[in-house]
Amino acid sequence: MSHADLPFFPLRPGRVHEVCGPSAPVFAACAAAGLQRPVLWLREAWLTETLNPLGLLSFLDPTWVLLARTPTQTDSLALAEEALKDGSLALVVLEITRLLDLREGRRLQLAAGIGGTTGLCLIPEGMGSNAAETRWRATPIFDAAGTDSTPMRWEIIKNKSGTLGAWNVCWNAQAHRLDLVSPAGE
């Protein structure tokens, strides 16, 4: 798949983006897949689920994933801001549990701009920040034929620098890339 087939992906570096929906973690894994540099994944320690880096094996080398569990979202934001500014990471993924105010969103954007690092906030539906460069919704698609376990619909629902759109995609683990999938006919 070429960049023209799925505009705005890979995500624009030096900016912070958002994704919501049940397939948001897979979207983040796809975003990290082609970067070939370490990724920091932040989440609050009180969240009961955990990310297993081995589950990312079909996307990237799990040894490149740095997991951090912070006491609060404020701590996650502070750590994300420093990591974005530093510039040594390819991607900072931040799981958000409460609405970011405009000041917090702008601080993350400024930090990403300084470090040239891409930021991605995994947000609950309807909880986006006005400061986000793009906002995506990632949802699974039912595959009646059962040929693939990962078809998804990616919709860009906010875009500061372009149009909105929707694409059906599937991660091709063998080729290590996204494939565009034609919607099923009626």
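Keep in mind the model is a prediction, meaning the values are calculated, not measured.

### Some remarks on the sheet that holds strand S3 (residues 65–70)
Strands in a sheet are paired, the pairing made by backbone hydrogen bonds, and the direction either parallel or antiparallel. Spatially, S3-S2-S4-S5-S1-S6-S7-S8-S9 is the arrangement adopted by the 9 strands of the open sheet, whose pairing is mixed. Each edge of the open sheet carries a strand with a single partner, namely S3 and strand S9 (177–180). Each adjacent strand pair in this sheet contributes to an overall mean axis angle of 25°, direction not counted. Here 6 bridges tie strand S2 (residues 39–44) to S3, and the two strands are oriented parallel to one another. Across the sheet, Leu42 pairs through a bridge with Ala68, a residue of S3. Of the strands in this sheet, strand S1 (16–20), S2, strand S4 (91–95), strand S5 (118–122), strand S6 (134–140), strand S7 (152–159), strand S8 (165–172) and S9 touch helix H1 (residues 24–33), which is tilted by about 170° from S5.

### What to know about the pattern of salt bridges
According to the stated counting rule, one finds 12 salt bridges in the structure shown. Among the ionic pairs, Glu133 bridges to Arg15, the shortest N-O distance being 2.8 Å. Note that Glu133 is positioned in the loop between S5 and S6 and Arg15 in the segment before S1, a separation of 118 residues in sequence. With a relative accessible area of 4%, Glu133 lands in the buried category. In this structure, Glu95 and Arg43 form a salt bridge, with 2.9 Å as the shortest nitrogen-oxygen distance. You can see Glu95 sitting in strand S4 and its partner Arg43 sitting in strand S2, a full 52 residues away along the chain.

What counts and how
- Starting afresh in each chain, residues are numbered from 1 along the sequence in its written order.
- Local features in this predicted model are restricted to residues of pLDDT 70 or higher, and side-chain atom pairs are both shown and tallied only at a pLDDT of 80 or more, whereas totals for entire chains, interfaces and linings draw on every residue.
- Remark: hydrogens and water are excluded; side-chain values derive from all non-hydrogen atoms of the structure.
- In short, DSSP must find at least two bridges between two strands for them to pair.
- Runs of H or I in DSSP of at least four residues are treated as helices and runs of E of at least two as strands, each being numbered from the N terminus.
- Only the contacting stretch of a helix is used when fitting its axis, a line to C-alpha atoms as for every element, and angles between N-to-C directions run 0 to 180 degrees.
- Any pair of residues with heavy atoms lying within 4.5 Å of one another is described as a contacting pair.
- By convention in these notes, a salt bridge is any Lys or Arg side-chain nitrogen within 4 Å of a carboxyl oxygen on Asp or Glu.
- Relative accessible area decides the class of each residue, using a 1.4 Å probe on protein chains only: under 20% of the type maximum gives buried, over 50% gives exposed, and in between gives partly exposed.

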